[in-house]
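This is what each chain is made of:
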Amino acid sequence: MQIFGVDIGGSGIKGAPVDLDKGDLAEERFKVLTPHPATPDGVADGVKEVVEHFGWTGPVGLTFPGVVTGGSTIRTAANVDKSWIDTDARVLFSDRLGGHDVTVVNDADAAGVAEMAFGAGRDRKGTVILLTFGTGIGSAVFVDGLLVPNTELGHLELHGHDAETRASSKAKEDGELTWEHWAHRVQKYLAHVEMLFTPELFIIGGGVSRKADKFLHFIEDIKAEIVPAQLQNNAGIVGAAMHAAGRDGGR
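None of the values given here were measured: they were computed from a predicted structure.

The rules behind each value
- Just so you know, the residues in each chain are numbered from 1, in the order the chain's sequence is written.
- In keeping with the model being predicted, local features are shown solely for residues with a pLDDT of at least 70 and side-chain atom pairs are shown and tallied solely at 80 or more, while totals for entire chains, interfaces and linings include all residues.
- As a convention, hydrogens and water are excluded, and side-chain values are obtained from all of the structure's heavy atoms.
- Here, the term nonpolar core denotes a set of buried Ala, Val, Leu, Ile, Met, Phe, Trp, Tyr and Cys residues that are joined through side-chain atoms within 4.5 Å.
- Per-residue accessibility, obtained with a 1.4 Å probe over protein chains only, is compared with the maximum for each type, and a residue is labelled buried under 20%, exposed over 50%, and partly exposed between these values.
- Contact definition: two residues touch when any of their heavy atoms are within 4.5 Å.
- Segments assigned H or I by DSSP are reported as helices when at least four residues long, segments assigned E as strands when at least two residues long, and all are numbered from the N terminus.
- A helix is expected to reach a length of 1.5 Å times the quantity of its residues less one.
- In summary, the pairing rule links any two rings of Phe, Tyr or Trp, Trp by its six-membered ring, whose centres are within 6.5 Å, and it sorts them by plane angle into stacked for under 30 degrees, edge-to-face for over 60 and tilted for everything else.

**Q** What is the right way to read the nonpolar core from this model?
**A** Side chains that are nonpolar tend, in soluble globular proteins, to be buried together. The biggest cluster of nonpolar side chains holds 52 residues, and the ones touching the most others in it are V6, V47, W84 and F93. If we skip the residues at most four places from it in the chain, V47 touches V6, I8, I13, L62, F93 and L97. Core analysis: the second largest hydrophobic core is formed by 26 residues, L131, Y189, F202 and L216 among them.

Laid out in structure tokens, this is it:
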């Protein structure tokens, strides 16, 4: 069974058909740059370009980098244009895609669901936290495999700062930080999250998961196990498709 997944990020919009039996992309993903400003109309145009690239006509699952309530209403917009707040995203995307059956879910929640089903969190009990490091920091919290949606732990205050402004991969790039320097910031952030939630496992997702060998060994004094996401930066696409198919636990 195949469903189309689209992952909307602060820097790129990427998508592909997903094989839901394998939990992997059925075709090589296609990506366009996220427009700036990332307004609802501009992002919807980017999503349309990605979907039309494949000539897809079936259901489409989409992620969004912010809080999504009621399966459609956008409540936060930290890394996209503020005009997204209170937008009915499902109606917007369905209209732009010519009436496609569309679902919308928080981006980190989607990535977490995919990792719990097919990746590093598979068969793991207790508290598991996936953190995606990209333009911001996304989070997905699971307790015995059940998702606590829209946690947005990237916005925890850390030493007087919004955590993602210090420890996201964008912060690394903007500050031209070495992997070691950035890893020390991530370590402080993980220690703060661990103090609050005491997870058994941290899964590190986002684009940096492909480069885990460059920084994970610098992170010390965290009691939880720390592993890179196995689906790497495709987890959001897979999770979006799972959500569209109702295979994500029924949020």
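**Q** Mind showing me how you'd approach helix α1 (residues 40–53) here?
**A** Each α-helix turn comprises 3.6 residues. Residues three or four places apart therefore point the same way. Its 14 residues give α1 an end-to-end C-alpha distance of 20 Å, which sits within 8% of 20 Å, the value for a rise of 1.5 Å per residue. Buried within α1 we find P40, G42, V43, A44, G46, V47, V50 and V51. Against β1 (2–8), β2 (12–19), β4 (30–33), β5 (60–64) and α2 (89–96) lie the buried residues of α1. One or two steps after α1, the chain reaches G55, where phi turns positive at roughly 65°.

**Q** Would you mind showing me how to read the environment of V60 here?
**A** Examined against the element boundaries, V60 turns out to sit in strand β5. A relative accessible area of 0% places V60 in the buried class. Each C-alpha atom, one on V60 and one on V102, is 5.0 Å from the other, the two residues being 42 residues apart in sequence. Sequence-distant contacts of V60, that is, excluding residues within four places in its chain, are made with F4, V6, V51, L97, H100, D101, V102, T103 and A244.

**Q** Whenever I open this one, the packing of aromatic side chains confuses me. Can you help?
**A** The relative placement of two aromatic rings is captured by the distance of their centres and the angle of their planes. Inspection of the entire model under this criterion finds nine aromatic pairs. Arranged with centres 4.8 Å apart and planes meeting at 55°, the rings of F64 and W84 form a pair that is tilted. Here F64, found in strand β5, pairs with W84, found in the loop between β7 (73–74) and α2; they are 20 residues apart in sequence, far enough to count as distant. The pair F64 / W84 is uniform in exposure class, with both members buried. Seen in terms of ring centroids, F133 and W182 are 5.8 Å apart; in terms of plane orientation they differ by 85°. Their pairing is edge-to-face. Taken as a pair, F133 in strand β9 (residues 127–133) and W182 in helix α6 (residues 179–197) lie far apart in primary sequence, 49 residues in all. Among the aromatic residues, those joined into a ring-pair cluster are F133, W179, W182, Y189 and F215.

Geometric values such as these leave the question of function open.
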